[in-house]
Amino acid sequence: MRKLLQYGGIVASVVLIAFGIGAIYTGFNGRHTVRTDLAAEQIVGTPDSTIPGQLVDTGAKAQAFAKIMRHHTLEATDGKTYSQMGQYLDSAGKPTDDKAKAALDPQTKQPVANQARQIWVTETALTTALNTAYFAEQVATFAIVMGFALLLSGIGFLVLTLGGLGRKAAAVRTTPKFERTAVKEPAPVA
């Protein structure tokens, strides 16, 4: 039974170590991919951002740039979000959701769309991508930390398995036979 426990402990240790190495590799690879892909976009922080003039090449910088993009979009739309703006423009150029009040495009004869809403469509797509890069880098960092935890747990478990069970088994084998048998007391003399 002791051998079965020892082999089971060794197998569990090897599995933990393997998963740890795999998680560490995956985490570093994920961080590298995020950073490489961000750098390839050549995004540079605007002067009014928290990263002025810096290349957006990390998840944290991507999140900072997403925040300034939202700020700029709110400035461009007078503080209104996509859902707060009218879908169309009337003949005076004011936003409206009423299709009947909307001005008609002379060429298409369709209601004139509120182009300011398109700013939000673009902003939402880009900030979602930037925030996803931030999240992906955080997940990759978590994978690295968990990988090291699994690796160290596996090594510790292996040390305990080999050291603890191995030593106890060796102690039983090396104990002289006469020490393991119970000493019989002599019968009382009458």
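Computed from a prediction, not measured in an experiment: that's the story for all the values here. (Residues numbered from 1 in each chain as written. Predicted model: local features only at pLDDT ≥ 70, side-chain atom pairs only at ≥ 80, totals over all residues. Heavy atoms only, no water.)

J.: Got a sec to walk through the packing of aromatic side chains? Specific residues and values, please.
T.: The relative placement of two aromatic rings is captured by the distance of their centres and the angle of their planes. Inspection of every chain in the model, using the stated rule, returns zero aromatic pairs. A cation over an aromatic ring shows up here: R117 above the ring of Y82, its NZ or CZ 3.9 Å from the ring centre. (Phe/Tyr/Trp six-rings, centres within 6.5 Å; stacked < 30°, edge-to-face > 60°. Lys NZ or Arg CZ within 6 Å of the ring centre and 35° of its normal.)

J.: So, the UniProt feature "transmembrane region" (unreviewed entry) in the protein: which residues are in play, and what are the values?
T.: Under the UniProt annotation, the feature "transmembrane region" (unreviewed entry) is placed at residues 7-28 and 139-163. Across residues 7-28, helical content stands at 100% and strand content at 0%; the span's end C-alpha atoms are separated by 32 Å. The straight-line gap between the two end C-alpha atoms of residues 139-163 is 35 Å; of that span, 100% is helix and 0% is strand. (UniProt positions renumbered as here; feature names shortened; annotations may be inferred. Helix = DSSP H or I, 4+ residues; strand = E, 2+ residues; numbered from the N terminus.)

J.: Got a sec to walk through helix 1 (residues 2-40)? Specific residues and values, please.
T.: Compared with an ideal rise of 1.5 Å per residue, which puts 39 residues at 57 Å, helix 1 spans 57 Å between its outermost C-alpha atoms and is within 8% of the ideal. Of all the residues in helix 1, the buried ones are Q6, G9, S13, I17, G20, A23, I24, G27, V34 and L38. Immediately downstream of helix 1, the backbone of Q42 shows phi near 55 degrees, a positive value. (Expected span 1.5 Å × (residues − 1). Buried < 20%, exposed > 50% of the residue type's maximum accessible area, 1.4 Å probe, protein only.)

J.: How would you summarise the nonpolar core if you had to cite specific residues and measurements?
T.: L38, V56, A62, F65 and L130 are the most contacted members of the largest nonpolar core, which totals 13 residues. Elements represented by at least two residues in this core include exactly helix 1, helix 2 (59-76) and helix 3 (115-174). In terms of residue count, the dominant contributor to this core is helix 2 (six residues). Once residues within four sequence positions are removed from consideration, F65 is found in contact with I43, V44, G45, T46, I51, V56 and L130. (Core = buried A, V, L, I, M, F, W, Y, C linked by side-chain atoms within 4.5 Å. Contact = heavy atoms within 4.5 Å.)

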